[in-house]
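So the chains spell out like this:
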Amino acid sequence: MRIHPLTTWLLLSPATVLLIVLLLAPVATVAVMSLTDWQFGAATLNWIGLANYAELWSDPVFRKSLANTLLYLVLVTGGAVTIGLGAALLIESDTQLRGFYRTAFFMPVASTLIAMAVVWQFLLHPSAGLVNHLLQWVGLMPQDWLNNRQLALYSLAAIGIWQMSGLALVLFLAGLKSIPQDLRDAGALDGIAHPWERFRRITWPLLGPTTLFVVTVCAIRALQVFDTVHVLTRGGPNKSTEVLLHTIYAEGFSFFRMGYASAMTVVFIAGIFFLTQVQHSTMERKTHYG
Amino acid sequence: MNSPSLFFRVARHLLLMTGALIFLAPFIWMVLTSLKPVDEVFTRELTLLPTRLALVENYTEALTRVPLLRYLWNGIVVCAAILVLQILVLLPAAYAFAKLEFRGKTWAWRLVLLALMIPHQATAIPTYVMLHHLGMLNTLSALIVPFSISAFGIFLMRQFFRTVPDDLVHAARLDGMGEFELIWRVMLPLAVPALFAFAIFSVVWHWNDYFWPLLVISSPELATPPLGTMFFRNEEAGINYGPLMAGTVLITAPLLFLFIAAQKRFIEGVTLTGVKG
């Protein structure tokens with residue numbers, strides 16, 4: 001039966017129009033704006049070519065922001081993947097309390113991060129916070145976690161790990177489930193008796209593609225860090241927690257230098273696209289095992 | 001398969017319990033603090049449980065100091081409107097991509113895949129300027145309209161519709177159903193489980209979103225829960241954490257209840273973000 005082209009067009013046009021107006025055209029606009037000196041509210045703008053990018057390259061705040069973002073990304077991705085994998089293997093190795101553990105680790109993923117950031121602010125409070133109370137209780141020095149230049153980014157990374165490990169965990173649990181049990185049992189029969197040997201020689205190689213996938217998922221999320229920074233440190237003290245999205249926010253929406261902020265956004269989009277490409281290639285590899 | 005040794009089982013629980021306790025600690029501390037009167041929040045010695053229960057005063061203060069119920073209501077309205085719009089727009093398109101042949105299909109699909117990669121903060125600047133020129137800043141529509149399309153939703157539902165047998169579609173057409181009727185009366189009911197996962201994905205994302213409301217909303221009465229939390233915190237600049245924690249309990253409660261009530265579906269929905277980013 002032939003479907004009238006007009007019908008097809010009617011089915012597709014709302015989605016297509018919105019896709020172009022709300023997603024594709026804005027991204028193209030950002031790219032074009034990044035070549036101008038436009039400021040929000042200004043009536044005119046000048047084409048300045050790649051001058052914004054040249055300024056980015058020599059802007060100490062942007063360089064700091066990029067370096068902080070990368071360090072945050074590495075810390076949070078590494079931490080979340082390690083905890084997620086470790087917890088997934090432990091949970092999966094026996095049957096008791098599986099549901100409870102999964103729920104406990106996943107709770108932070110299911111909660112509203114902004115509200116929990118306020119809770120963290122209280123937990124990390126220099127004098128009344130639980131963390132410092134506990135440190136003093138075991139005889140360690142209390143710290144000003146969010147106002148110390150050396151510590152602030154690490155404190156934010158710890159909150160990031162807390163928030164993301166549950167996501168890594170459930171992705172690893174799904175990955176483990178797809179490894180056939182008889183494969184592992186066969187390993188046991190072949191005389192690989194020690195659980196660690198079984199993990200190293202059977203589970204881990206089969207989990208490789210899943211791990212790469214989880215790494216990219218966490219990295220993409222970590223690159224988008226904004227909420228905790230804006231609520232807890234506002235990029236400070238002394239730019240030590242300035243991260244990419246926060247710098248874009250400050251340039252674009254506090255100083256209204258939209259052209260310059262657009263150039264930063266292009267860098268941000270490039271980072272996301274790169275990680276997405278890596279992710280897609282891992283997904284293709286994953287299907288070979290699936 | 002030999003079962004793990006007793007030593008291993010104890011060690012497993014020890015490690016996982018410690019981990020679980022650390023991960024749950026912020027929630028436990030939030031709830032406990034929300035029950036404490038002000039003089040017990042700031043103490044030299046660490047006290048776990050409140051000696052005097054301040055439940056009523058803290059929660060009353062949280063609900064009256066700022067319009068907390070209003071924030072929650074705004075959150076519900078915004079999330080529901082976004083979800084309904086998304087489904088209305090994406091379902092016909094997903095169906096067309098899955099079951100119809102048309103010119104330019106490959107190219108159109110490439111556009112969807114391209115849009116799929118765009119993180120939502122990437123469009124913030126032009127969308128903000130556009131809403132400014134339309135006079136829509138600081139309205140609830142500014143929170144809803146920019147998210148009326150979900151490339152990810154089209155992708156997800158197209159994958160699902162491809163698994164629906166063509167015979168079913170042909171049979172419906174032979175019964176005299178038009179394409180629109182077919183989508184809403186045959187495909188939609190079939191798609192409920194997949195749509196549920198997408199709904200969780202969408203609601204969790206927009207309920208928690210802070211970046212966009214921060215940009216476009218300045219009136220407290222239009223704030224969504226995350227933005228409202230910030231208004232509350234800035235208001236409560238002092239040291240009275242009790243009511244503030246009561247507020248965060250109320251704001252995190254809806255999603256946590258949803259999570260506890262429909263755990264499997266919830267995890268399914270949230271892990272979809274793995275594919276989306």
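Residues numbered from 1 in each chain as written. Chains lettered and ligands numbered in written order. Predicted model: local features only at pLDDT ≥ 70, side-chain atom pairs only at ≥ 80, totals over all residues.

Colleague: Even after reading the chapter, I still don't get the domain arrangement of chain B, so can you show me in this structure?
Modeller: Interface size is often expressed as the accessible area that is lost when the parts come together. All names here are of chain B. For chain B, the assigned domains are domain 1 (6-61) and domain 2 (63-276). For domain 1 and domain 2, the distance between their C-alpha centroids amounts to 33 Å. Contact with domain 1, which involves 14 residues of that partner, is made by 12 residues of domain 2. Going through the elements one at a time, helix H1 (6-33), helix H2 (38-41) and helix H3 (55-65) are the ones with two or more residues in the side of domain 1 that touches domain 2. For the side of domain 1 that touches domain 2, the element with the highest residue contribution is H3, accounting for 4 residues. Residues belonging to the side of domain 1 that touches domain 2 are distributed by class as follows: 8 nonpolar, 4 polar and 2 charged. (Domains from an automatic or database assignment. Contact = placed C-beta atoms within 7 Å. Helix = DSSP H or I, 4+ residues; strand = E, 2+ residues; numbered from the N terminus. Nonpolar A, V, L, I, M, F, W, Y, C, P; charged D, E, K, R; others polar.)

Colleague: Before we go on, may I ask you to explain the confidence of the model for chain B in this structure?
Modeller: Segments scoring low in pLDDT should not have their predicted coordinates read at a detailed level. Confidence in the prediction for chain B averages 87 pLDDT; 95% of positions are at 70 or higher. Scored as a whole, the predicted complex attains pTM 0.90, and scored at its interfaces, ipTM 0.88. (pLDDT = per-residue confidence, 0-100.)

Colleague: Is there a simple way to think about unusual backbone geometry in this case?
Modeller: All names here are of chain A. The residue asparagine 238 is not glycine, and still its phi comes out positive at about 55°. With respect to the helices and strands, asparagine 238 occurs in the loop between helix H10 (227-232) and helix H11 (244-253). Asparagine 238 sits in the exposed class, given 10 other C-beta atoms within 10 Å. In the Ramachandran plot, phenylalanine 256 falls in the positive-phi region, its phi being about 55° despite a non-glycine side chain. Using a count of 14 C-beta atoms within 10 Å as the deciding quantity, one classes phenylalanine 256 as partly exposed. (Buried ≥ 20, exposed ≤ 12 C-beta atoms within 10 Å, placed from the backbone.)

Colleague: Which parts of the structure should I look at to understand the packing of helix H5 (residues 113-123) of chain A against helix H14 (residues 241-261) of chain B?
Modeller: Any two packed helices are characterised by the angle at which their axes cross and by the distance between the axes. It is at 9 Å that the axes of H5 of chain A and H14 of chain B come closest, and there the two elements cross at 150°. Judged by the inter-axis angle, H5 of chain A sits roughly antiparallel to H14 of chain B. Crossing of H5 of chain A against H14 of chain B: the hand is left-handed. On H14 of chain B, the residues that touch Ala115, Met116, Val118, Val119 and Phe122 of chain A of H5 of chain A are Tyr241, Leu244, Met245, Thr248, Ile251 and Thr252 of chain B. Among the residues making up the contact of H5 of chain A with H14 of chain B, the classes are represented as 9 nonpolar, 2 polar and no charged. (Axes fitted to C-alpha atoms, helices over the stretch in contact; angles between N-to-C directions. Parallel < 35°, antiparallel > 145°, perpendicular 65-115°, else oblique. Left-handed = near helix turned anticlockwise from the far one by under 90°.)

Colleague: What's the story with the environment of arginine 149 of chain A in this structure? I'm lost.
Modeller: Residues and elements named next belong to chain A. Position of arginine 149 relative to the elements: it lies in the loop between helix H6 (130-137) and helix H7 (152-177). Expressed as a C-alpha distance, the spacing of arginine 149 and serine 240, which sit 91 residues apart in the sequence, is 5.9 Å. For arginine 149, the contacting residues outside a window of four places in its chain are Pro237, Asn238 and Ser240.

Colleague: How should I be thinking about the interface of chain A and chain B in this particular structure?
Modeller: If you look at the interface, chain A gives 73 residues, while chain B gives 73 residues. If one sorts the elements of the side of chain A that touches chain B by residue count, helix H1 (residues 5-33) of chain A sits on top with 18 residues. Partitioned by chemical class, the residues of the side of chain A that touches chain B number 56 nonpolar, 14 polar and 3 charged.

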